[in-house]
Amino acid sequence: MSATNSLPLSLKPSPRLWLPGSQHIGLTLAFLYLTILILAAIAPHFLTHGNPYGIAPREAFTAPCWQHPLGTDQSGRDMWTRLIFGARSSLVIGIGSILLALCVALSLAIPGAFGGPFAEQCVKWVFEILFSFPTVVLALLLTALFSSGTFPLIVAVGIGAAPGYGRMLFGQFLTIRHAGFIEAARSLGHSPAQILTRHLIPNAFRPLLIAGAMGIGQTIIWASSLSFLGLGAPPPAAEWGTMLAMGRDYIAEAWWITFFPGVAIVLTMLATTTLGRFLKNRFETTTS
Amino acid sequence: MNTFSSAPQSGLSVKNLSVKFATGGVTHTAVHSLSFSLTSGEIVALVGESGSGKTVTARALLGLLGSNAQTSADQLSLNGQSLLANTEQQWRKIRGAEIGFILQDALVALDPLRSVGAEINEALTAHKWGTKNTRNEHVLQLLTQAGIPLAKERIHLRADQLSGGLRQRALIANALAMNPPFLIADEPTTALDPSVQVQILELLKQLRTAGHGILIISHDLGFVSRLADRVIVMHHGHMVEEGRTADLLCAPQHSYTRRLLDAEPGRRPPRPAVPINPTTLPLLEAHNLSFSVKQKNGTRKYIVQDISLSLFPGRTLAVIGESGSGKTSTARMIMGFQKPETGFIDFLGEPWSRSEKTGITEASRRSRRPRLAAIYQDPLSSFDPRWTVQTILDDALSVIHVPKTERLSRSLALLDLVRLPSTLLGKNPLHLSGGQRQRIAIARALAVEPSVILCDEPVSALDVSVQAQILDLLGTLQKRLHLSYLFISHDLNVVRNIADDLIVMQAGRIIERGSAQDILLHPRHPFTQQLVAAAQFIGDATGEHFS
């Protein structure tokens, strides 16, 4: 085939999306886990009857047992209930910050790739600056400006992740800029706005979806790390990173307080990455 | 044909060669019981269109087919020795030493990171030829033999630093490194300009005189007829005809061979000259266009210099030139994608593009763009990869504000116009053939109801018989819809029966212009004469053998 097929953007028709077969055990498990996670985020009461903030000092530090399958924390709150309720904020932070990152990336990459040589140079500089700015410092700055909480966390992680996606998109737009079909659309008399909405965004959407799906796990890790450092939602919020931080003091006596939030974070990361890789394989397989 | 029934002892002999490919449980036969022979000092051409199995045959002769290929033959022997049961190790001794292989694209075939000298040296080392010092001398000698001037300096250059012709010569030198008695050349000149093609042709003739047996693989019957002693025509893996070149050209037996010959653009009659009506105004007019790029040493290099042209209604103006002649830059300026440095372009009597800063912007051109459509050499890359034929046509129709309800019927009418079945509407161009893709591109160009269509090498990537169909279609459409074509091509033969007027470009300048018939019959500029000579091979070849 000609060289056009080696564009990083997948220049192929949409393949159909099938449901995973029995041989894809990892993928099936990932789908199952994500379904539970989304269910927990939307309707936590469906999975637990407890109250994530209900203190029961007499039941503090209960090891995993029949009544509390994942044990209780230092205030006697049920870990399972707290994990389920924490799913919402973790997902909101993960998805929110990835969306923010992609929006920032797009709004930098599009003018950078199509706004002429000066805009191109400016956008390159912006990426350099963003790259050299540590996410943790940015988060500290934002928590200092606002109060600590979910929103500053989303902003910090979103801005922190943006330059990576931005560079990826920027590179792809630069390649696509001279693609034959862009020129063909121009020669037909389409306006730049039409070319953007009909060709560029739709063609960039698939790689964006893949990058987004693979990135959610990463942003959840980042958000949890920031919460762990005390830059996220303050205790007693049912947030995985915060819970991890709280359990740190009792890790010798009550390992489960740290262990289960950690497992939840790792599993989410694994599940979203598996999903992302699945999308990548579906969309980017070569047709040759 | 049966003069070769007794297999020669010295030579390459193939009897009933079949090659099958098994992919995913489906067996596909690429070559059906092919028999031929090649002796020293002769050139045999294997001719066929894409998918005819000619390259597979060449690879089978070198043991280069992959593991999913099943090769079977009654005989496959070199100088009486069977190659059928060869191990990879035995093949390696034959490749290069007994049979040299010249590939189509020298840029791909030669290592991009090493000098051509080092590349050839490696081939010699692999076959344990001579000592380090004698090897270097031999490489120099090979390059000189292959016709590379100043070989002493060029020995240190990489493939990308050489011109197309020199690169191909280096590749031939590489194939000749071990002085193999037989050479297989897979489309050795396809990527080259006509004048360079002639030079490579001469080189291959010299090799024949030197006693090499050469198997040439080509899609171009016209080209090989200038060169080959015998021609084998292949179609869908079958050998349909074999014979002496002159016999085959003058009295083709098989209908497929006849069809191939008729499709040869060089055989088609030139379009009768119709003088330009002095009262009509040109649709498109370009005056003194120039465009240059700044070079590393600070000077400016002119890509296009002082180009003027006028395109009149219902006529075809062909722009002919080799690669680097500036024809593509001219096309980009005419399309309004590149601002000219000097000069101006008028379209439909109104300003279209200006070198100086005036009110002519892209936005002011946009509403007139549908009147100037374009088709390209690679239609596939000009379609959004996500789109089906229907979306492509729909999108083009939306430009001229066709209401949504009418678009389907208009799309079907367009497909009918380019002689494609309506069943293709839901297909993605990726799954169509090259000819079908170009027809879709033509349908899209017609959708916006243009007055002028710029055709940028529209048939260069197509098989000869498909080329003829597309050119016929363009001719019919021109008459029916009173279109004007600005036809850009490197191949004089292609424009032969479509062009009314001709412009020949060289190094950014127009060196000859006039009516197509005039220039084809009486070229004045030496370069044009060379082009015309290079294009008239079929007539020559038959004439040569008759006299």
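Cut-offs applied
- Residue positions within a chain follow its written sequence, with the count starting from 1.
- To read the labels, note that chains go from A and ligands from 1, taken in the order they are written.
- Since the coordinates come from a predicted model, pLDDT governs what is reported: local features require at least 70, and pairs of side-chain atoms require 80 or more to be given and counted, while whole-chain, interface and lining totals use all residues.
- Each side-chain value is derived from all of the structure's non-hydrogen atoms; neither hydrogens nor water enter the calculation.
- To qualify as a helix, a DSSP run of H or I must reach at least 4 residues; to qualify as a strand, a run of E must reach at least 2; elements of each kind are numbered from the N terminus.
- Radius of gyration: C-alpha atoms only; globule rule: 2.2 Å multiplied by the number of residues to the exponent 0.38.
- To sort residues, take the accessible area from a 1.4 Å probe on protein chains only and compare it with the maximum for the residue type: under 20% means buried, over 50% means exposed, and anything in between is partly exposed.
- Any two residues having at least one pair of non-hydrogen atoms within 4.5 Å are treated as being in contact.
- Residue exposure ignores everything except the shown protein chains as possible cover, and the areas themselves are Shrake-Rupley values with a 1.4 Å probe.
- Note: buried area is the sum, over both parts, of the accessible area (probe 1.4 Å) each one loses when the two are combined.
- Here, a salt bridge means any Lys or Arg side-chain nitrogen found within 4 Å of an Asp or Glu carboxyl oxygen.
- The term polar contact refers here to a pair of N or O atoms within 3.5 Å; inside protein, the definition further demands a hydrogen-donor-capable atom paired with an acceptor-capable atom, and it admits residues adjacent in sequence only when both atoms are side-chain atoms.
- Under the grouping applied here, Gly and all other residues not named as nonpolar or charged are polar, the nonpolar ones being Ala, Val, Leu, Ile, Met, Phe, Trp, Tyr, Cys and Pro and the charged ones Asp, Glu, Lys and Arg.
- Residue ranges for the domains originate in an automatic or database domain assignment.
- UniProt positions are given in the numbering used here, feature names are shortened, and annotations may be inferred rather than shown by experiment.
- Only buried residues count toward a nonpolar core, which is a set of Ala, Val, Leu, Ile, Met, Phe, Trp, Tyr and Cys residues joined through side-chain atoms within 4.5 Å.
- Two strands pair under a simple rule: DSSP has to find at least two bridges between them.
- Under this scheme, a helix contributes an axis fitted over its contacting stretch, all axes are lines through C-alpha atoms, and angles between N-to-C directions fall in the 0 to 180 degree range.
- Exposure above 30% relative accessible area and the absence of a salt bridge qualify a residue for a patch, where like charges join within 9 Å and nonpolar side chains (Val, Leu, Ile, Met, Phe, Trp, Tyr) within 5 Å.
- In this scheme Phe, Tyr and Trp rings, the latter by its six-membered ring, pair at centre separations within 6.5 Å, and the angle between planes marks the pair as stacked below 30 degrees, edge-to-face above 60, and tilted otherwise.
- Geometrically, a charge over a ring is one whose NZ (Lys) or CZ (Arg) sits within 6 Å of the ring centre while staying within 35 degrees of the ring normal.
- As a per-residue measure, pLDDT reflects the predictor's confidence and takes values from 0 up to 100.

**Considering the overall build of chain B**
Counting its regular elements, chain B contains 21 helices and 21 strands. Radius of gyration (C-alpha) of chain B: 26 Å, near the 24 Å computed for a compact globule of 547 residues. Based on the C-alpha atoms only, the size of chain B along its principal axes is roughly 75 × 55 × 50 Å. Put simply, chain B has 547 residues, and 54% of those count as buried. Residue pairs in contact within chain B that sit at least 24 positions apart in sequence constitute 67% of those at least 6 positions apart. Within the structure as shown, chain B displays about 23600 Å² of accessible surface, and the carbon and sulfur contribution to it stands at 51%.

**A closer look at the interface of chain B and chain A**
In this complex, chain B contributes 29 residues to the contact, which on the side of chain A involves 23 residues. With both sides pooled, the region where chain B packs onto chain A buries about 2200 Å², and carbon together with sulfur makes up 58% of that total. The largest contributions to the chain B side of the interface with chain A come from B:R366, B:P385 and B:R386, which together make up 26% of the buried area. Taken together, the links from chain B to chain A amount to 2 salt bridges. The partner of A:R198 in a salt bridge is B:D395, and the shortest N-O contact between them spans 2.2 Å. For the pair chain B and chain A, the number of links is 9 residue pairs in polar contact (both at pLDDT 80 or more). Taken together, the elements giving at least two residues each to the side of chain B that touches chain A come down to α13 (362–366), α14 (389–399) and α16 (434–447) of chain B. The leading source of residues in the side of chain B that touches chain A is α14(B), at 4 residues. When its residues are assigned to classes, the side of chain B that touches chain A shows 13 nonpolar, 6 polar and 10 charged.

**Let's talk about the domain arrangement of chain B**
All names here are of chain B. Per the domain assignment, the segments making up chain B are domain 1 (41–66 + 77–98 + 180–264), domain 2 (106–179) and domain 3 (284–534). In this structure, domain 1 and domain 2 have C-alpha centres spaced 23 Å apart. In this complex, domain 1 contributes 16 residues to the contact, which on the side of domain 2 involves 12 residues. Between domain 1 and domain 2, the buried area comes to about 1100 Å², and carbon and sulfur atoms account for 68% of it. The largest contributions to the domain 1 side of the interface with domain 2 come from P180, I200 and L203, which together make up 37% of the buried area. At the junction of domain 1 with domain 2, the criterion picks out 0 salt bridges. On inspection of domain 1 and its partner domain 2, the count reaches 3 residue pairs in polar contact (both at pLDDT 80 or more).

**Examining the UniProt feature "transmembrane region" (unreviewed entry) in chain A**
Within this structure's numbering, the places UniProt gives as "transmembrane region" (unreviewed entry) are residues 25–47, 91–113, 208–234 and 254–279 of chain A. Along residues 91–113 of chain A the backbone is 100% helical and 0% strand, and the end-to-end C-alpha distance reaches 32 Å.

**Notes on the nonpolar core**
Residues B:I442, B:L446, B:I453, B:F487, B:L492, B:V495 and B:L502 are the most contacted members of the largest nonpolar core, which totals 56 residues. B:I120, B:L166, B:V196 and B:I200 belong to the second largest nonpolar core, which has 52 residues in total.

**Observations concerning the pattern of salt bridges**
All names here are of chain B. All told, the structure shown has 23 salt bridges over all chains when counted by the stated rule. For D111, the salt bridge is made with R114, and the minimal N-O distance between the two is 3.2 Å. Accessibility expressed as a relative area gives 24% for D111, which makes it partly exposed. With a relative accessible area of 27%, R114 lands in the partly exposed category. The network of salt bridges with common partners includes D111, R114, E119 and E122.

**Describing the side chain of B:N428**
Residue and element names in this part refer to chain B. Relative to the elements of secondary structure, N428 occurs in the loop between α15 (404–417) and α16. Its relative accessible area of 8% is what places N428 among the buried residues. Of note is the side chain of N428, whose polar atom sits 3.3 Å from the backbone oxygen of W387. A polar contact of 2.8 Å, which involves the side chain of N428, links it to the backbone nitrogen of L430.

**A look at helix α1 (residues 54–61) of chain B**
Of all 8 residues in α1(B), 6 are buried; the element is thus mostly enclosed. Once α1(B) ends, the next one or two residues include B:G63, with phi positive near 65 degrees.

**Looking at the sheet that holds strand β11 (residues 238–244) of chain B**
Residues and elements named next belong to chain B. A sheet is described by the order of its strands in space; here 6 strands give the open sequence β7-β8-β9-β3-β10-β11, paired in mixed fashion. At either margin of the open sheet sits one strand with a lone partner, and together these are β7 (99–102) and β11. The mean inter-strand angle of the sheet, taken between neighbouring strand axes irrespective of direction, is 15 degrees. As defined by bridge partners, β7 adjoins strand β8 (residues 182–186) across 4 bridges and the pair is classed as parallel. In the strand pairing of β8, F101 is matched with I184. Here α1 sits on the sheet in contact with β3 (43–47), β7, β8, β9 (213–218) and β10 (230–235), set at roughly 150 degrees to β9. Packed onto the sheet, helix α11 (residues 255–263) meets β10 and β11 and runs at close to 100 degrees relative to β10.

**Observations regarding a nonpolar patch on the surface**
Residue and element names in this part refer to chain A. Nonpolar side chains collect at one region of the surface, where I25, L29, L32 and I36 lie side by side and expose about 410 Å² of accessible area between them. Residue position: I25 is located in helix α1 (residues 25–42). Residue I25 is classed as exposed on the basis of its relative accessible area, which comes to 56%.

**Quick word on the pairing of strand β20 (residues 501–506) of chain B**
Residue and element names in this part refer to chain B. Across the 6 residues of β20, 5 count as buried, placing the element largely inside the fold. In this structure, strand β14 (residues 316–321) lies alongside β20, joined through 5 bridges in parallel fashion. Bridged to L317 within β20 is D501. As defined by bridge partners, β20 adjoins strand β21 (residues 509–515) across 6 bridges and the pair is classed as antiparallel. In the sheet register, D501 faces β21, and the bridge partner there is S515. Following β20, the chain reverses through 2 residues before pairing antiparallel with β21; A507 in that reversal takes a positive phi of roughly 50 degrees.

**Observations regarding the packing of aromatic side chains**
Tallied over the full model, the rule gives 8 aromatic pairs over all chains. Arranged with centres 5.2 Å apart and planes meeting at 70 degrees, the rings of B:F347 and B:W352 form a pair that is edge-to-face. A single burial state applies to B:F347 and to B:W352, both of which are buried. An aromatic cluster of three or more residues is present, and its members are A:W255, A:W256, A:F259 and A:F260. Lying across the ring of B:W352, B:R365 places its NZ or CZ 5.8 Å from the centre.

**Focus on the environment of A:L102**
Residues and elements named next belong to chain A. Looking at the secondary structure, you find L102 in helix α2 (residues 79–114). When its relative accessible area of 11% is taken as the criterion, L102 is described as buried. Counting along the chain gives 39 residues from L102 to L141, while the straight-line C-alpha distance between them is 22 Å.

**Description of the pairing of β14(B)**
Most of β14(B) sits out of view: 6 of its 6 residues are buried. By the alternation rule, side chains of β14(B) split into B:T316, B:A318 and B:I320 and B:L317, B:V319 and B:G321, which are all buried.

**Let's talk about the UniProt feature "domain: ABC transmembrane type-1" (unreviewed entry) in chain A**
The UniProt entry lists residues 87–276 of chain A under the feature "domain: ABC transmembrane type-1" (unreviewed entry), expressed in the numbering used here. In this annotation, residues 87–276 of chain A is assigned 83% helix and 0% strand; the end-to-end C-alpha distance for the span is 19 Å.

**Observations regarding the confidence of the model for chain B**
Residues and elements named next belong to chain B. Per-residue pLDDT for chain B averages 86, and the proportion of residues at 70 or more is 96%. When the criterion is pLDDT under 50, residues 1–8 qualifies, and its contacts beyond four places in sequence or with other chains add up to 10 contacts. For this predicted complex, the interface confidence score (ipTM) comes to 0.73, while the overall pTM stands at 0.75.

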